[in-house]
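# Summary of structural features
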There are 2 protein chains.
Amino acid sequence: MSVIEFWFDFGSPYAYFATIEIEELAYQYGRPLKWNPFSLTAPFEQTGMRSLFGTPLRGDYAKHDWSRISRRTCAPFKIPQARSTAKVGRIFYWLSDNNSELAVPFAKASFHTCFGEGIDPGSPDGLSRTAGALGLEQNVFQAAAGCEQARVRYRQASAEAVARGVFGAPFFFVDGEPFWGVDRLPMIRDWLDRGGW
Amino acid sequence: MSVIEFWFDFGSPYAYFATIEIEELAYQYGRPLKWNPFSLTAPFEQTGMRSLFGTPLRGDYAKHDWSRISRRTCAPFKIPQARSTAKVGRIFYWLSDNNSELAVPFAKASFHTCFGEGIDPGSPDGLSRTAGALGLEQNVFQAAAGCEQARVRYRQASAEAVARGVFGAPFFFVDGEPFWGVDRLPMIRDWLDRGGW
């Protein structure tokens, strides 16, 4: 069975909420799930969209909406003051290359540190909490964050995202079909049930 | 029971798809439905978003997505080359004030002319098709479009939309709660079923 691709920026609350459902969805349909962190900076430049945290009107709606989704799903939700998410993205790719079985658990734990606990996941405190959640030593991720190879991988993933038409997060590809937004998980299920339409 | 407010720009394909479902939803929950056309121009200036027809990446996705929704819902879908939607919005408010029972049928028929048949709903051809669909004389809407009072009402509705945080279309208020996007109709049902959460 072909993989479900899950593209996300570590700074996206909607991607955080998606992490809670997408694994179960992939499991139910017997599909491997591929996690692809990337940076929204380049697509935002092309579309004129901006981080929801700094967008008038839409940002206020999003804050209200995140609380509503949190209450509905019982997923804890706090917005950290800073989100050094590129650092987390680089660590993810370092782990993928060097300790691959840790990459996805690291991504999930980072999302929890960020939006479950409200702590910048790339800060020293955030990284040590994430390490702690995985039962690892506090400083295990520090070297990875500065590694040039990880930087290149994160940049390449971000370029690939734009080349493939990804402009927001979360973004999914299922059998080549693109789906944007956590709201589309029911449509993805429908697509998989019916084999497309 | 309090009304469900349905805010939309006549140029939005996602609003067109919403018209097909929202009336049934309101009927099922015994709620009156209030149609509020407005212009997305002002909120777009604030959010940095643009018409999907001219947005790189997101526009390509939207075109693909509209075809997909059309196939799924069996709603006919064609994109007209021009969409003089402010004119249609002004006629809607003229009808609301002068022939109110025609306003909603006019809105639905205009959406069909626009995205069902692919004809600019504000063009002479589009207006006469819409009139024909309602069993009215061809030129019945021409005077309304140029009426100053209708222009003011459309402008006021657009200002009210921004003041209330509306930044996209379709946009709904249910018991004061805001919902953006046709994807959120299932969440609106859930909200009504549970009386909020």
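For the structure, see preceding data.
Calculation notes
Residues numbered from 1 in each chain as written. Chains lettered and ligands numbered in written order. Predicted model: local features only at pLDDT ≥ 70, side-chain atom pairs only at ≥ 80, totals over all residues. Heavy atoms only, no water. Contact = heavy atoms within 4.5 Å. Buried area = accessible area lost by both parts, 1.4 Å probe. Salt bridge = Lys/Arg side-chain N within 4 Å of Asp/Glu carboxyl O. Least-squares fit on C-alpha atoms with pLDDT ≥ 70 in both. 1 Å grid on protein atoms, 1.4 Å probe; cavity = no way out; pocket = protein on both sides within 12 Å on 5 of 7 lines; lining within 4 Å. Points joined across faces, edges and corners; volume = space filled by probe spheres on them. Helix = DSSP H or I, 4+ residues; strand = E, 2+ residues; numbered from the N terminus. Nonpolar A, V, L, I, M, F, W, Y, C, P; charged D, E, K, R; others polar. Pairing = 2+ DSSP bridges. Axes fitted to C-alpha atoms, helices over the stretch in contact; angles between N-to-C directions.

### Some remarks on the interface of chain A and chain B
Counting residues at the interface gives 34 residues for chain A, matched by 34 residues for chain B. In total, about 3200 Å² of surface goes out of reach between chain A and chain B, with carbon and sulfur atoms giving 53% of it. Considering only the side of chain A, the residues that lose the most area to chain B are A:Leu57, A:Tyr61 and A:Arg72, jointly responsible for 22% of the buried surface there. Between chain A and chain B we count eight salt bridges in total. Between A:Arg184 and B:Asp183 there is a salt bridge whose closest N-O contact spans 2.5 Å.

### Points about the relation of the copies chain A and chain B
For the pair chain A and chain B, the best superposition has an RMSD of 0.0 Å and corresponds to a rotation of 180° with a translation of 0.0 Å parallel to the axis. Taken together, the rotation and translation relating the two chain copies correspond to the operation of a two-fold axis. Taken as a fraction of all interface residues of chain A, those also at the interface in chain B reach 100%, which identifies the copy contact as same-surface.

### Remarks on the layout of surface pockets
In this model, the second largest pocket occupies a volume close to 710 Å³. In terms of lining, the second largest pocket is formed by 26 residues, of which the most central are A:Asp183, A:Arg184, A:Pro186, B:Asp183 and B:Pro186. When contributions to the lining of the second largest pocket are tallied by element, the ones reaching two or more residues are α1 (13–28), α3 (58–73) and α9 (185–194) of chain A together with α1 (13–28), α3 (58–73) and α9 (185–194) of chain B. Partitioning the lining of the second largest pocket into residue classes produces 14 nonpolar, two polar and 10 charged.

### Considering the environment of A:Ile22
Residues and elements named next belong to chain A. By secondary structure assignment, the location of Ile22 is in helix α1. Between the alpha carbons of Ile22 and Leu33 there is a distance of 8.3 Å; along the sequence they are 11 residues apart. Residues in contact with Ile22, not counting those within four places in the same chain, are Ile4, Phe6, Leu33, Phe172 and Leu185.

### Thoughts on the sheet that holds strand β1 (residues 4–8) of chain A
With mixed pairing, four strands are arranged side by side in an open sheet as β2-β1-β3-β4 (chain A). Since the sheet does not close on itself, it has two edges, and those belong to β2 (33–37) and β4 (177–180) of chain A, each with one partner. The mean inter-strand angle of the sheet, taken between neighbouring strand axes irrespective of direction, is 20°. Summarising the sheet, β1(A) and strand β3 (residues 171–174) of chain A pair through four bridges and their orientation is antiparallel. Within the sheet, the bridge partner assigned to A:Ile4 lies in β3(A) and is A:Val174. Packed on one face of the sheet, α3(B) meets β3 and β4 of chain A and runs near 105° to β4(A).

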